[in-house]
Amino acid sequence: MEEGGREEEGSPLTCASYQKERPACPLPRDRPIIPPMLSGVSDLQPGLQPRLRTRAWAVPYLNARPLTAFLAGDPRNGIDLHQAEPSLLGREMAAGRVDLALLPAFAVLSNAGLKAADGISIGSDGPVRSVLLYARRPLGKIRTLASDPASLSSNALARVLLAERHGVRPTPARADEADAVVIIGDAAFKPLPGPWQEVVDLGEAWRALIGLPFVYALWAGPTLDARTAGILREAARLGLEDRP
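Residues numbered from 1 in each chain as written. Predicted model: local features only at pLDDT ≥ 70, side-chain atom pairs only at ≥ 80, totals over all residues. Heavy atoms only, no water.

1. Section: the pattern of salt bridges
Rules: Throughout this description, the term salt bridge denotes a Lys or Arg side-chain nitrogen within 4 Å of a carboxyl oxygen of Asp or Glu. Between buried and exposed lies partly exposed: a residue is buried under 20% and exposed over 50% of the maximum accessible area for its type, with that area taken using a 1.4 Å probe on protein chains only.
Per the stated rule, a full pass over the model turns up nine salt bridges. Between Arg-174 and Glu-177 there is a salt bridge, with the nearest N and O atoms lying 3.8 Å from each other. Considered together, Arg-174 and Glu-177 belong to a single accessibility category, that of exposed residues. Residues joined by salt bridges that share partners form a network here, namely Arg-174, Asp-176 and Glu-177.

The structure is reproduced here in structure tokens:
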């Protein structure tokens with residue numbers, strides 16, 4: 001997650017620089033508004049018609065908040081932000097009802113027509129705590145698996161890990177009957193009533209198997225442009241800096 005610098009091409013416009021044009025800035029002096037090179041039509045350009053706003057969707061989970069908090073609070077960025085579960089975002093994007101979304105990596109890889117924003121993702125380099133596999137029997141003996149209906153990437157991750165590390169390819173089943181269950185998002189922070197023989201952090205298991213981080217979701221859309229990508233990167237930078 002990246003971007004910043006001096007007040008010229010490619011750097012963010014802050015309220016401190018905005019006050020050179022207007023004495024009353026409604027945001028903190030160091031709060032970025034729009035990268036000037038990418039600003040398109042803004043209220044700094046009187047007499048021009050406002051640009052069409054981007055329909056953007058993100059997941060409603062805590063791990064997405066650093067990427068979305070500063071998008072939701074700034075009307076100048078041209079982005080209307082909404083929330084939905086990851087699996088729904090992929091379907092809405094495929095149907096053409098979404099311009100931009102924080103999509104499951106699985107959905108992005110499955111659609112060659114999408115452009116992804118560089119340097120921004122929900123990912124983990126080891127334990128993630130919010131993507132778990134609960135197993136009622138040893139992992140090498142799992143025959144049935146209940147996917148999380150809200151997920152795409154994490155369900156695929158669980159199946160890859162079970163196949164590659166334990167040599168099993170379970171069939172789908174209901175959560176109350178399956179040998180193992182995938183749980184993602186904020187719900188994963190609460191223990192799932194058992195009994196369970198194993199609870200696997202899938203981010204940690206992927207790192208142990210592959211030796212690389214795993215990307216769960218990233219900003220992507222069919223018409224993603226440099227202006228919007230710059231706003232997304234700047235919002236991510238601010239969100240990460242604002243974490244407690």
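2. Focus: the sheet that holds strand S10 (residues 198-201)
This is how it is decided: Pairs of strands are assigned from DSSP output, requiring at least two bridges between the strands. Only DSSP runs of H or I with at least four residues qualify as helices, and only runs of E with at least two residues qualify as strands; both kinds are numbered from the N terminus onward. Throughout, a contact is declared for two residues whenever any of their heavy atoms are within 4.5 Å. Note on method: axes are straight lines fitted to C-alpha atoms, helices fitted across the in-contact stretch only, with angles between N-to-C directions ranging 0 to 180 degrees.
The strand order S8-S7-S9-S6-S10 describes an open sheet built from five strands, whose pairing is mixed. The open sheet has two edge strands, strand S8 (171-172) and S10, and neither has a second partner. Summarising the sheet, strand S7 (residues 144-146) and strand S9 (residues 180-184) pair through two bridges and their orientation is parallel. Its bridge partner lying in S9, Leu-145 is registered against Ala-180. Strands in contact with helix H5 (residues 153-166) are strand S6 (131-135), S7, S8 and S9; relative to S9, the strand with the most contacts, it is inclined by about 140 degrees.

3. A few points about unusual backbone geometry
The omega torsion across Gly-194 and Pro-195 is 10 degrees, close enough to zero to call that bond cis. In the Ramachandran plot, Arg-129 falls in the positive-phi region, its phi being about 75 degrees despite a non-glycine side chain.

4. Overview of the packing of aromatic side chains
To keep things clear, this is the line we draw: Ring geometry is summarised as follows: Phe, Tyr and Trp rings, the Trp one being its six-membered ring, pair when their centres sit within 6.5 Å, and such pairs are stacked at plane angles under 30 degrees, edge-to-face over 60 and tilted between the two.
Per the counting criterion, the structure on display carries three aromatic pairs. Each ring, one from Trp-206 and one from Phe-214, has its centre 5.1 Å from the other, and the planes form 75 degrees; the classification is edge-to-face. Each member of the pair, Trp-206 together with Phe-214, is buried. Put simply, the rings of Trp-206, Phe-214 and Tyr-216 pair up and form one aromatic cluster.

Keep in mind these numbers describe shape, not what the thing actually does.
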